[in-house]
Amino acid sequence: MFLDKYIFSQVIQDQLNKKILDSLAEFIKKHGLGCSSDVWRQRASEIPTAALMLGVNVPDHAMTFRSLCNLLQDSVTPFVVSVHAKECAGVEQCLVSSSRNLKEILCCFFFNLTFVCQATLPIRIIGLLQKCTQVSPERKENLTNNDLPQSLPVVVIFKYFEAFNSQVLQDFILICSRYTQELPFVFIFGIATSPSAIQHRLPHSVSSLLCIEVFHSLSCTQHLASVFDKLILNSQFPLKLSSRVIQVLVGIFLYHDFSVQNFVKGLQFSMLEHFNSQPLSVLCCQKQEALLSAKTLSKQNVERIRHLPSFMRYVETQEPQEQVRLLTNDEHVKEVCQKLLKNLHKYHKNYYPVLQCLHSLTSSLPKFPLGKHEFLQILAKDELVAALRKCAEILKSANTKRMQNALQQLEDFIGRLETLEGKLDSTLLEKESRRTKRMNSFEVLRSQVIDFIDSLVREYLTPAEFQPLNEVCYYSSSGVLRQRLNVTPRTSIQAALSHPFYYLKNASLKTDAGTISSAAPDLCIVYKLHLECGRLINLYDWLEAYVTVMSAAEDQDTDSEECGQYDSLKHARFIQAVSEMEFLGFVKSTKQKTDHVARLTWGGC
């Protein structure tokens, strides 16, 4: 119920990319439409090209390209083509792909398009594009520049530029450069590495045909910081994450794909897992909704509240008479629950502004160990005032009465610091105070500021585990999250082959630990048999063991002579299972013994 309201990764990413997307739109208007008379291509054969530096967070690029296409089609030109490397193995496929997309946009009826010459575009397509890309009178009224060209630009977006075949790119650029007079092409290269990738993949004779301008998007860490500010460090966000859960999510982000989109998917999974595993999660919604839910708690949920560790600690701090009421009177528990939920909501509204203030004060300090109350004592007056001003801006956005009182005290400190003597005089006084071992006025005031910040931190940054009813809002199952989001393929495959019952939901496959079900798939039987072998596996012995298991499935007497004999069907099934084992990377052929295979993995699930 909260996903549509709070999990909006695409909205966040669009907001972060708005500046660069608007810059790309202006670039295309400037070069494709010629809206700026003082900027124009040096040669007629040059194609305006935007090198869009997106970074290595590849999973997020698709969303960026989709937003870019929508923006260009809405505000610049309807003729926008996205070309993927897998669609362009050769120049013919590249031309077909781009032309096909354009035909769809233009509602072209040429269904049987063929290319007679690889070095030219079809005359029919050129004529159709020239006709359809003419600027309409209505559009001319919206575009006020009198020097506008007669045609709208044709934008070709190369997704994942590094993945394209170099020769295909060269041929495509050469062909398009011949028609810059007839069709105003504009290229956009989506690059994940560096601008030098263009020079590495294109010779100078081809890159000289491009009028290149580089655009840098925000880094993935800036995107992640924005997600933290808008979602995680937001008192309105219903789900709270424990420190270990945040470490798991950030670890996956830093050591796997740098994908903010996948990070938000982790938040989604955490929210769903919390709502599914915690029956009292209904109390972690918005303040008014939570209070209403607390009034209508069922008897079962009241008992669940009594068994929460944080509520049990709260009961232990009360008077004996109050303890009896909390343990016996359900209605009283509901009233206390409403009060505790209000306090928890106030705790979050005060916690995040103070945490952001502490970050703004300490993020720029040198990374060396400091003693108690020393993290601000290395700042000069101007640096301290600038840091306190940042902190004041953060507290202004807080709506609680306590934060407004803290803001007034902070502004008072800023005013008193600004009224002190100049920097040079303060420095001389500080040197004098060092000789006399007496604190000057600035040092006294700085010490008061440090004590004030220390009191804020101690009062409002208490651990969430100390707050009653924190379990209803905080998701702390970091082990489950790591197991679901940070899985390894080999471990998952081993678990499926060792315990097929949990995947196939077949009761006949359920066996005791260490035994093999004769009803299991051939691959599972062969896998479990190979776990009993050493580094080299004799194929004949392996086959004999497999046939013995299959004979048990056919209700044959294991002591009879027929048991252990195999027909061509069993032999073929065994060979297929071994081939699948080799494909999955569990065994490989070896030159040491022709009738043996080498085992590649050790340990099973």
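Above this text you will find the structure in question.
Residues numbered from 1 in each chain as written. Predicted model: local features only at pLDDT ≥ 70, side-chain atom pairs only at ≥ 80, totals over all residues. Heavy atoms only, no water.

As a further point, take the sheet that holds strand S2 (residues 80-83). Ordered by their spatial adjacency, 5 strands build an open sheet running S2-S3-S4-S1-S5, and the pairing between neighbours is parallel. The open sheet terminates on both sides in strands that have one partner only, identified here as S2 and strand S5 (210-216). Along the sheet, successive strands turn relative to each other by an average axial angle of 20°, direction set aside. Pairing between strand S1 (residues 47-53) and S5: 7 bridges, direction parallel. Each bridged residue has a counterpart across the sheet, and for Ile47 the counterpart in S5 is Leu210. Lying over the sheet, helix H7 (residues 166-177) contacts S1, strand S3 (154-158), strand S4 (185-191) and S5, oriented at roughly 160° with respect to S4. (Pairing = 2+ DSSP bridges. Helix = DSSP H or I, 4+ residues; strand = E, 2+ residues; numbered from the N terminus. Axes fitted to C-alpha atoms, helices over the stretch in contact; angles between N-to-C directions. Contact = heavy atoms within 4.5 Å.)

A few words on the sheet that holds strand S10 (residues 596-599). The 3 strands are arranged S8-S10-S9 in an open sheet whose pairing can be described as antiparallel. Each edge of the sheet is formed by a strand with only one pairing partner; in this case those strands are strand S8 (536-538) and strand S9 (587-589). Taking each pair of neighbouring strands and ignoring which way they run, the sheet shows an average axis angle of 40°. Where S8 and S10 come together, 3 bridges link them in antiparallel fashion. Residue pairing in the sheet places Leu536 in a bridge with Ala598 of S10.

On to the packing of helix H15 (residues 309-316) against helix H16 (residues 320-328), then. The N-to-C vectors of H15 and H16 enclose an angle of 150°; their axes lie 9 Å apart at closest approach. As far as their axial angle goes, H16 and H15 are roughly antiparallel. On the side of H15, the interface is formed by Phe311, Tyr314, Val315 and Glu316, while H16 contributes Gln323, Leu326 and Leu327. Residue composition of the contact of H15 with H16, by class: 5 nonpolar, 1 polar and 1 charged. (Parallel < 35°, antiparallel > 145°, perpendicular 65-115°, else oblique. Nonpolar A, V, L, I, M, F, W, Y, C, P; charged D, E, K, R; others polar.)

Here the focus is the packing of aromatic side chains. Scanning the model with the defined rule gives 21 aromatic pairs in all. Aromatic pair Phe172 and Phe187: ring centres 6.0 Å apart, planes at 35°, arrangement tilted. One end of the pair, Phe172, is in helix H7; the other, Phe187, is in strand S4, and 15 residues separate them in sequence. With respect to burial, Phe172 and Phe187 carry one shared label: buried. Ring plane angle 80° and centroid distance 6.5 Å describe the contact between Phe253 and Phe263, whose orientation is recorded as edge-to-face. Remark: Phe263 occurs in helix H12 (residues 260-277) and Phe253 occurs in helix H11 (residues 243-257); sequence separation between them is 10 residues. Considered together, Phe253 and Phe263 belong to a single accessibility category, that of buried residues. (Phe/Tyr/Trp six-rings, centres within 6.5 Å; stacked < 30°, edge-to-face > 60°. Buried < 20%, exposed > 50% of the residue type's maximum accessible area, 1.4 Å probe, protein only.)

With that settled, consider the nonpolar core. Counting 29 residues, the largest nonpolar core has Phe158, Phe185, Phe187, Phe189, Ile191 and Leu202 as its most contacted members. Broken down by element, the residue count for this core peaks at 5 residues, all from H7. The contact partners of Leu202, leaving out residues within four places of it in the chain, are Phe161, Leu169, Gln170, Ile173, Ser207 and Leu210. If you look at the next biggest cluster of nonpolar residues, it comprises 28 residues, including Ala387, Leu388, Met403 and Leu461. (Core = buried A, V, L, I, M, F, W, Y, C linked by side-chain atoms within 4.5 Å.)

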